[in-house]
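# Structural characterization, general
Here's the letter readout for the chains.
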Amino acid sequence: MSDLRELYQQVILDHNRRPRNYRKPEHANRTAEGVNPLCGDRITVYLALEGDVIADIGFQGSGCAIDRAAASMMTDSLKGRTISDAERLFEGFHRMLTNDGNGSATAEGLGKLAVFAGVSEFPSRIKCATLPWHAVRAALAGKTDAVSTE
Ligand code: ZN
């Protein structure tokens, strides 16, 4: 398990150093800002929605390593997916981090997002990891105010 944890940590650090999709897509038609006052994370997500498909997605902003890595991997995971796919992934991700339900974290169906399972042991960091997802949900819902974790 410690080897796996080490690997997960390296994946997160890599995404923090070289975030994927760190840009505003040319045809973005949905956007939302998310702020996490506890940590100081501030992130804007941009979506190019075509029908109910997220054709392109990117983000910009300033955040801690967990937040940047979460946004980077989230954008990778959501590109080309439908809105209902995105909702399902968010619910699974949130459940993994908060241990909702049966008290044991499950990463089933989350693919590489499973690297964030260890974050559930650090309650103050959970909001860093979920902030990009809250911003995407706000963007999909057409909300224009910044979404805050507080
Ligand atoms: Zn943070």
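This section reports on the structure supplied with the text. (Residues numbered from 1 in each chain as written. Predicted model: local features only at pLDDT ≥ 70, side-chain atom pairs only at ≥ 80, totals over all residues. Heavy atoms only, no water.)

### Quick notes on the pairing of strand β2 (residues 41-50)
Here β2 lies mainly inside the structure; eight of its 10 residues are buried. Pairing of strand β1 (residues 30-36) with β2, which is carried by seven bridges, proceeds in the antiparallel orientation. Bridge pairing in β2 links V35 to R42. Pairing geometry for β2 and strand β3 (residues 53-62), over nine bridges, is antiparallel. Following the sheet pairing, R42 is matched in β3 by S62. (Buried < 20%, exposed > 50% of the residue type's maximum accessible area, 1.4 Å probe, protein only. Helix = DSSP H or I, 4+ residues; strand = E, 2+ residues; numbered from the N terminus. Pairing = 2+ DSSP bridges.)

### Observations regarding the sheet that holds strand β4 (residues 147-148)
By definition, the strands of a sheet pair up through backbone hydrogen bonds, in either a parallel or an antiparallel sense. The sheet built from four strands is open, its strands ordered β3-β2-β1-β4 with mixed pairing. This sheet does not close on itself; its edge strands, each paired only once, are β3 and β4. Its contacts with the sheet put helix α2 (residues 65-78) on β2 and β3, and the angle it makes with β3 is roughly 170°. (Contact = heavy atoms within 4.5 Å. Axes fitted to C-alpha atoms, helices over the stretch in contact; angles between N-to-C directions.)

### Overview of the coordination of the zinc ion
Note on metal sites: the ideal angle is 109.5 degrees for four tetrahedral donors, and 90 or 180 degrees for six octahedral donors. Here the zinc ion is held by the protein donor atoms C39 (SG), D41 (OD), D41 (OD), C64 (SG) and C128 (SG), which lie 2.2 to 2.6 Å from it. Donor residues for the zinc ion, ordered by position in the chain, follow C-x1-D-x22-C-x63-C. Of this pair, C39 sits in the loop between β1 and β2 while C64 sits in the loop between β3 and α2; the two residues are 25 residues apart in sequence, bridging distant segments of the chain. Residue C39 is classed as partly exposed on the basis of its relative accessible area of 32%. (Donors = N, O, S within 2.8 Å, 3.2 Å for Na, K, Ca; no water.)

### Details of the environment of P25
One can find P25 in the loop between α1 (2-17) and β1. Taking relative accessible area as the criterion, P25 reaches 3% and is therefore assigned buried. For the pair formed by P25 and D14, sequence separation is 11 residues and the distance between their alpha carbons is 22 Å. Residues within four places of P25 in sequence aside, it is in contact with Y46, D56, I57 and G58.

### Quick word on the pairing of β1
Hairpin connection, β1 to β2: the antiparallel pair is bridged by four residues, and G40 has positive phi, about 95°. As defined by bridge partners, β1 adjoins β4 across two bridges and the pair is classed as parallel. Its bridge partner being in β4, G34 is matched across the sheet by V147.

### Topic: the packing of aromatic side chains
A complete count under the given rule lists four aromatic pairs for this structure. Pairing F90 with W133 gives two aromatic rings, centres 6.3 Å apart and planes at 40°, and the pair type is tilted. Residue F90 is located in helix α3 (residues 83-98), and its partner W133 is located in helix α4 (residues 123-140); the two are separated by 43 residues in the primary sequence. Of the two residues examined, F90 and W133, each falls in the buried class. Taken together, F90, F93, F116 and W133 form an aromatic cluster joined through their ring pairs. In this structure, R68 is placed above the aromatic ring of Y22, and the distance from its NZ or CZ to the ring centre is 5.8 Å. (Phe/Tyr/Trp six-rings, centres within 6.5 Å; stacked < 30°, edge-to-face > 60°. Lys NZ or Arg CZ within 6 Å of the ring centre and 35° of its normal.)

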